[in-house]
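# Remarks on the overall topology
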Amino acid sequence: MRKLAGLGLDGIMLDEWASGIVYCFSKEHGHNDPVDPARGQLQLGKMIREECDKVNPNFMLAGEEIWDAAFQYLDLSFARGSFDITEEYNSGAFQIMKYTFPYFIRTLEVHNVNLPCPFSAIARVNIAFAYGMVFSVCIDSYRGTLDDCPEFANYLKEVIKIRKYLRRYFGEGIFRDTLEAKIVTQSKNINYATYKKGNDKLIIVWNTDQKKNLTIPISVEIKPKSVRIYSPFQKIITYPQVKVSGPFEMKVEVPADRFVALELLSKV
Ligand SMILES: [Zn+2]
């Protein structure tokens, strides 16, 4: 590990870290500490961290599906995730995690291959973007590179560009789930997430329908002075002098398999 850290890599992922490890809270097993079954693994984590720190303290250690105690030594929980994220998506698991543990950085696996799953690779990118997750890109089950799918790579590049514009919401802002914004739609393919940074607000709306563009009305209980709209492959649209008397309302067309991010600014 020390040698790897010395090679100049940014970091490494420790596979299978969480596989088989449980923090046991049973009082009937004769151990005093829920961490006891995992103690050896945590000692190993400490050792790896210390050895890597000697060479490069910024060397990032990711571990597969790591949880609380392991964050002492590892930096990132790498979720390979299931191929079918439908249940996780529909149950609100992403939202609950983000809302409850905002500093827990998780990844979402993004495939470029066609899998028996209602979520396309693009939809996964959109979901990861909306919930501030790391894109864990897996081309052709880890056998390919982004060069093998230029169209997808181009989309990812666009989304990363937008995320850089809006990074203050993801980095220092507060995730508000769907609070303080209202979208009334019959479509199950529309979902949205809101963030707050000071008096500014970000609303991300995405469409999981892969064929149909959907126009939806958004209503927000604040009075922005200006509005900016971002969407992949679209020019950033700015409405510089917005005047609203009641709540802010706008109809937005969300293209098929795409997202639209609305930034509501308290300043012109
Ligand atoms: Zn036990």
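Conventions adopted
- Residues numbered from 1 in each chain as written.
- Predicted model: local features only at pLDDT ≥ 70, side-chain atom pairs only at ≥ 80, totals over all residues.
- Helix = DSSP H or I, 4+ residues; strand = E, 2+ residues; numbered from the N terminus.
- Buried ≥ 20, exposed ≤ 12 C-beta atoms within 10 Å, placed from the backbone.
- Contact = placed C-beta atoms within 7 Å.
- Pairing = 2+ DSSP bridges.
- Core = buried A, V, L, I, M, F, W, Y, C linked by C-beta atoms within 7 Å.
- Domains from an automatic or database assignment.
- Nonpolar A, V, L, I, M, F, W, Y, C, P; charged D, E, K, R; others polar.
- Axes fitted to C-alpha atoms, helices over the stretch in contact; angles between N-to-C directions.

Looking only at helices and strands, the protein has 7 helices and 14 strands in total. Structurally, the protein occupies a C-alpha span of about 65 × 45 × 35 Å along its principal axes. Across the 268 residues that make up the protein, the buried fraction comes to 28%. Nonlocal contacts in the protein, meaning residues at least 24 apart in sequence, comprise 65% of its contacts between residues at least 6 apart.

A separate point is the pairing of strand β11 (residues 226-230). Here β11 pairs with strand β14 (residues 259-265) via 5 bridges, running antiparallel. If you follow I229 over to β14, its bridge partner there is L262. The sheet contact formed by β11 and strand β12 (residues 237-239) spans 3 bridges and is antiparallel. Bridged to I229 within β12 is I237. Remark: 6 residues form the turn of the hairpin made by β11 and β12, two consecutive strands paired antiparallel; F233 in that turn has positive phi of roughly 65 degrees.

Attention now goes to the sheet that holds strand β9 (residues 200-207). The 6 strands lie next to each other as β6-β8-β9-β14-β11-β12, forming an open sheet whose pairing is antiparallel. Looking at strand neighbours, the two that pair on one side only are β6 (174-175) and β12, the edges of this open sheet. Here β9 runs beside β14; their pairing, made up of 6 bridges, is antiparallel. The residue of β14 that forms the bridge with V205 is V260.

Ranked by size, the top nonpolar core spans 37 residues in total, and within it V125, I203, I204, V205 and F259 carry the most contacts. Elements with a contribution of two residues or more to this core: β4 (107-111), α5 (121-130), α6 (150-165), β8 (190-197), β9, β10 (214-220), β11 and β14. Per-element tally for this core: the top contributor is α5, with 8 residues. When residues are assigned to domains, this core turns out to be shared by domain 1 (2-170) and domain 2 (174-265), each giving three or more. In this structure I204 touches A130, Y192, A193, F259 and A261, once residues within four positions along its chain are discounted. Formed by 12 residues, the second largest nonpolar core is a distinct cluster that contains I66, Y73, L74 and F78.

Split by domain assignment, the protein resolves into domain 1 (2-170) and domain 2 (174-265). Elements that contribute at least two residues to the side of domain 1 that touches domain 2 include exactly α4 (93-100), α5, α6 and α7 (167-171). Partitioned by chemical class, the residues of the side of domain 1 that touches domain 2 number 14 nonpolar, 4 polar and 3 charged.

The next thing to look at is the environment of D200. With respect to the element layout, D200 can be found in strand β9. For the pair D200 and K267, spaced 67 residues apart in sequence, the C-alpha separation works out to 8.5 Å. For D200, the contacting residues outside a window of four places in its chain are E263, L264, L265 and S266.

Further remarks concern the sheet that holds strand β7 (residues 181-183). In spatial order, the strands read β7-β10-β13; together these 3 strands make up an open sheet with antiparallel pairing. Since the sheet does not close on itself, it has two edges, and those belong to β7 and β13 (248-254), each with one partner. The mean inter-strand angle of the sheet, taken between neighbouring strand axes irrespective of direction, is 25 degrees. Where β7 lies against β10, 3 bridges are found, and the strand directions are antiparallel. Bridge pairing in β10 links K182 to S219.

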